[in-house]
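Structure at a glance
One letter stands for each residue in the lines below.
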Amino acid sequence: MSIKPVICHVAVCDVCGTAYGSDRADECVIHSTTGEAAVDLVHADPEWLVTADRRVICLVGDPAHQAALDAMLPPAPAAMYDGQLPLALDLGQSD
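Nothing here was measured: the structure is a model prediction, and the numbers come from that model.

Summing up its helical and strand segments, the protein chain has 2 helices and 2 strands in all. Within the span of the protein chain, comprising 95 residues, buried residues form 20% of the whole. In the protein chain, 34% of the contacts between residues at least 6 apart in sequence involve partners at least 24 apart. Total accessible area computed for the protein chain in this model is approximately 7,700 Å², and 58% of it derives from carbon and sulfur atoms.

So, in structure tokens, the structure goes:
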């Protein structure tokens, strides 16, 4: 039996470092032959997220993962209603 080096790709969460396909550090993970194949595997799993910039995030419900998800959201829009004038306060100025 001969031994040869083989290059494989493993998707890993950008937040916590968990490898896709494992629940524990000593568990075997899912290996792919290309980076694209690894992303395709993760993309099909509803418990993982692949972002437009190819970040991989497992959807664990902890503050660090929530912060990573919140950072991807656009800022909340200012509350404006039809006909509302912007509120301009001149605090500290006297006439």
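Our next topic: the confidence of the model for the protein chain. Model confidence for the protein chain is summarised by a mean pLDDT of 81, while 80% of its residues fall at 70 or above. Highest mean pLDDT in the protein chain belongs to helix α2 (residues 63-72) (93); lowest belongs to helix α1 (residues 35-43) (85).

Right, let's get into the nonpolar core. By size, the foremost hydrophobic cluster in this structure holds 12 residues: Ala11, Cys13, Tyr20, Ala38, Val39, Val42, Trp48, Val50, Val56, Ile57, Cys58 and Ala68. Every residue in contact with Val42, bar those within four places of it in the chain, is listed here: Ala11, Tyr20, Trp48, Val50 and Val56.

Here the focus is unusual backbone geometry. The residue Arg54 is not glycine, and still its phi comes out positive at about 70°. By the secondary structure assignment, Arg54 is in the loop between β1 (48-50) and β2 (56-58).

To continue, consider the side chain of His65. Checked against the element boundaries, His65 lands in helix α2. When sequence neighbours within four positions are dropped, the list of residues in contact with His65 reads Cys13, Val15, Cys16, Ile57, Cys58 and Val60.

A separate point is the packing of aromatic side chains. When we look at a pair of aromatic rings, we describe it by the centre distance and by the angle of the planes. According to the stated counting rule, one finds 1 aromatic pair in the structure shown. An angle of 85° between the planes, with centres 5.2 Å apart, marks the rings of Tyr20 and Trp48 as edge-to-face. Placement of the pair is Tyr20 in the segment before α1 and Trp48 in strand β1, with a sequence separation of 28 residues. Of the two residues, Tyr20 and Trp48, both sit in the buried class.

Scanning the entire structure with this criterion turns up 0 disulfides. With no disulfide of its own, Cys58 lies 3.6 Å from the sulfur of Cys13, the closest cysteine sulfur.

Relative to the assigned elements, Thr34 resides in the segment before α1. Distance in space between the C-alpha atoms of Thr34 and Ile7 is 8.7 Å, their sequence separation being 27 residues.

Of the positions making up α1, those classed as buried are Ala38, Val39 and Val42. Down the axis, α1 shows its buried residues gathered within 95° of arc, on one side only. On its buried face, α1 sits against β1 and β2.

Parameters at a glance
- Residues numbered from 1 in each chain as written.
- Predicted model: local features only at pLDDT ≥ 70, side-chain atom pairs only at ≥ 80, totals over all residues.
- Heavy atoms only, no water.
- Helix = DSSP H or I, 4+ residues; strand = E, 2+ residues; numbered from the N terminus.
- Buried < 20%, exposed > 50% of the residue type's maximum accessible area, 1.4 Å probe, protein only.
- Contact = heavy atoms within 4.5 Å.
- Areas by Shrake-Rupley, 256 points an atom, 1.4 Å probe, with all protein chains shown as cover.
- pLDDT = per-residue confidence, 0-100.
- Core = buried A, V, L, I, M, F, W, Y, C linked by side-chain atoms within 4.5 Å.
- Phe/Tyr/Trp six-rings, centres within 6.5 Å; stacked < 30°, edge-to-face > 60°.
- Disulfide = S-S within 2.5 Å.
- Arc of directions from axis to C-beta.

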